Structures are given as C-alpha cells and as structure tokens.
Amino acid sequence: MSTINTSQYLYVFNHVITNGMNREGRFHLGKLSAWYDFDGYTCYLGYKDLTMTLYFHNRFSFDYQEEATLKEFDLLIEKSEKEFTKNHGGS
C-alpha cells in the first residue's frame, strides 16, 4: 500500500457522510460506508469486509479479512477523492 494520507481518508469520509444515504446510523455512497462514534472523535470507513478506523491525532487502523480487499479499498479511496474533488471543485 502507498503511504497513508489521513487527510485523503478524512476528505472521503466527510464526503460520504455529507452526500451518502443514512441507513441506521451509517452513511452509504457507492461502495463505501462511513459512520462515527457518539463523540465524533473516532470515524470509520467501510468497504466489503474492511473497516478503517480513524482516531484522534491522525492515528488509524485497518481491520480486514483479505489482503486483496485492502488493495481494492486503497484504489477506491484514491479514485473517490479524485472524483469528489472534480465534481465539487475543492480539495
């Protein structure tokens, strides 16, 4: 996996929360889901069997079953960030 850019993941997280469909406390947009703890300090991005946890102070962790899923997630995040930025004129 390439170097982790937490701001990239937080950008995608925010976009999914802002533009996704809320179903039982999780927001869904395309293949991604996003949700957060009650205090908002811990954020989650989901894809298939993978959950990325974004903690306070730019810490993070991944929980997944298949290595291929992690690679797919990384590519999906990169693609999503480019698409969201292009469609909304920001970065």
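The coordinates are above.
Residues numbered from 1 in each chain as written. Predicted model: local features only at pLDDT ≥ 70, side-chain atom pairs only at ≥ 80, totals over all residues. Heavy atoms only, no water.

1. So, the pairing of strand β6 (residues 60-63)
Thought 1: Bridge analysis of strand β5 (residues 50-54) against β6 gives 4 bridges, and the strand direction is antiparallel. Across the sheet, residue T51 finds its bridge partner in β6, namely D63.
Thought 2: The hairpin turn running from β5 into β6, its antiparallel successor, is 5 residues long, and H57 in that turn takes a positive phi close to 65°. (Pairing = 2+ DSSP bridges. Helix = DSSP H or I, 4+ residues; strand = E, 2+ residues; numbered from the N terminus.)

2. Let's talk about the nonpolar core
Thought 1: Counting 20 residues, the largest nonpolar core has Y9, L32, L45, M52, F73 and I77 as its most contacted members.
Thought 2: For this core, the secondary structure elements donating two or more residues are α1 (6-19), β3 (32-36), β4 (43-47), β5 and α2 (67-88).
Thought 3: Each residue touching M52, except ones within four places of it in the same chain, is listed here: Y9, C43, Y44, L45, F60, S61, F62 and F73. (Core = buried A, V, L, I, M, F, W, Y, C linked by side-chain atoms within 4.5 Å. Buried < 20%, exposed > 50% of the residue type's maximum accessible area, 1.4 Å probe, protein only. Contact = heavy atoms within 4.5 Å.)

3. Focus on unusual backbone geometry
Thought 1: The backbone of E24 sits at a positive phi, close to 55°, despite the residue not being glycine.
Thought 2: In this structure, E24 sits in the loop between β1 (21-23) and β2 (26-29).
Thought 3: For N58, which is not a glycine, the phi torsion comes out positive at approximately 60°.
Thought 4: If you trace the backbone, N58 turns up in the loop between β5 and β6.

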